[in-house]
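Architecture at a glance
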Amino acid sequence: TIDENAKAYLDGNKLFQRHASLLGSTGSGKSWAVAAILEQAAKLPSSNLIVFDLHGEYRELSYARHLHIPGPEELGKVDPSLLFLPYWLLNAEELQAMFIDHSEFSARNQVVAFQDAVVAEKKKTLEALNKAEVLNAFTLDSPIPFKIDDVIAELDRLNKETVPGYGGKYKFGPFYSQISRLLVRLNSKINDKRYGFLFQAPDLEHEYNAMAVMVKRLMDYSESKAQIKVIDFSEVPADVLPVIIGLVVRIIYQVQFWTDRDKRRPMAFVCDEAHLYLPKKEGRNSVEQRTVENFEKIAKEGRKYGVALLIVSQRPSDVSSTILSQCNNVVALRLTNDDDQATVKRLMPESLEGLMDTLPILDIAEALVVGDAVLLPSRIRINPPSEKPLSATVDFWDEWSKEPDTPDFDKAVENMRRQNRT
């Protein structure tokens, strides 16, 4: 910013090798910065980035492949842009986080009964397919298709079971009336169309090879416009959003881990609005805990397997400190909140304290860059991307100066009821 003719370059290798964070208050130019990075990466022949888009800001980038989690009206459709996530992809902890309330007195019994029923159903699948090698090695966490309706039927049987007692009489079984609330939660989630992307996926998604098909869609970079994938999570209910994002990340990371080393290609997760699903320890619930643990594992070990994180947030003080501390590159745009400024300052060397004092007065798209990817700590202006994300700030006074155009409120209300803008 001192010399407008001077160009500042970031080393692309070092930016992603040890993770990076892009932090700034709302309206500071974060989305522009993300789009500028994606635009540069899209020019490379085999770049591989996956963007978690929570508000549909990047859904019109022409160089990206666009996927989105289907809403209630899209259930049952076969569309290459829809990303169904069958419930059997969830591991044991994620399933428990969705269905079991650990504050209940009978929670331990619910866990035991639920896990045993799921294992039994997965075992049936493998036996029917003659997968002897997998059958000898599979665990509760293994992504094996199973029928959730059969699990519910077994839990219902256990919930009503009586067993022979003394004197030829019958007594209550070990799980009698212990899992009633679990059954209510299971049936409620399964019948709720907001969770249809989990429980009402097309039949193809329940086949044994469905996971490999889905992973190829997310990780393959051989197709045209496949290098940048934008996943739109805006239709996902807020209460399970962390689990669903964590599920996608965990599956991709595990597949990357088990891929032959000579065939493995590096990839990066662009975690937009990270504070919504990667919170700090204080107040973290079980749903968020599972997701944060997945990301912390990548933050600590992902470098070895070619998996990088780009953490994007307007509230760095609310993001897991473990994850942020692993980001060796920090791009800090304008930050006005004292807690957020303090968080960024803790990520920087003490010698840069004077430079950090400029955080609240930075202009739009102006940033401080510190880390391995830059030769010296620098105050730069980010080049605007050719294709801008759908995050532009509304010009209130200019809009109020125009003749009003009455919105279609009936349509807006109906869209809200349908959970769909189209």
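In the block above lies the structure referred to throughout.
Model, not experiment: these values are computed from the prediction. (Residues numbered from 1 in each chain as written. Predicted model: local features only at pLDDT ≥ 70, side-chain atom pairs only at ≥ 80, totals over all residues. Heavy atoms only, no water.)

1. Points about the layout of surface pockets
Quantified by volume, the second largest pocket comes out at close to 890 Å³. Considering the residues around the second largest pocket, the lining is formed by 31 residues, among which Asp-141, Pro-143, Arg-250, Gln-254 and Trp-258 are closest to the centre. Elements with a contribution of two residues or more to the lining of the second largest pocket: α3 (92-99), α9 (210-219), α10 (241-258) and α11 (286-301). Element by element, the count of residues in the lining of the second largest pocket is highest for α10, at eight residues. (1 Å grid on protein atoms, 1.4 Å probe; cavity = no way out; pocket = protein on both sides within 12 Å on 5 of 7 lines; lining within 4 Å. Points joined across faces, edges and corners; volume = space filled by probe spheres on them. Helix = DSSP H or I, 4+ residues; strand = E, 2+ residues; numbered from the N terminus.)

2. Some details on the environment of Val-249
When you line up the elements, Val-249 lands in helix α10. By relative accessible area, which is 0% here, Val-249 ends up buried. Here the alpha-carbon distance between Val-249 and Ala-274, two residues 25 residues apart in the chain, equals 13 Å. With residues near it in sequence (within four places) discarded, Val-249 still touches Phe-52, Phe-269, Phe-295 and Ile-298. (Buried < 20%, exposed > 50% of the residue type's maximum accessible area, 1.4 Å probe, protein only. Contact = heavy atoms within 4.5 Å.)

3. Some details on empty space enclosed by the protein
One way to see where empty space is left: roll a probe the size of a water molecule over the atoms. Inspection of the entire model under this criterion finds one cavity of 30 Å³ or more. Estimated volume of the largest cavity: approximately 40 Å³. What lines the largest cavity is Ala-92, Leu-95, Gln-96, Phe-114, Gln-115, Val-118 and Leu-140. Its residues assigned to classes, the lining of the largest cavity shows five nonpolar, two polar and no charged. (Nonpolar A, V, L, I, M, F, W, Y, C, P; charged D, E, K, R; others polar.)

4. Considerations on the packing of α9 against α10
Relative to each other, α9 and α10 sit at 90°, their axes nearing to 11 Å. The angle between α9 and α10 places the two elements in the roughly perpendicular class. Residue-level contacts link Met-211, Met-214, Val-215, Leu-218 and Met-219 of α9 to Val-248, Ile-251, Ile-252, Val-255 and Gln-256 of α10. (Axes fitted to C-alpha atoms, helices over the stretch in contact; angles between N-to-C directions. Parallel < 35°, antiparallel > 145°, perpendicular 65-115°, else oblique.)

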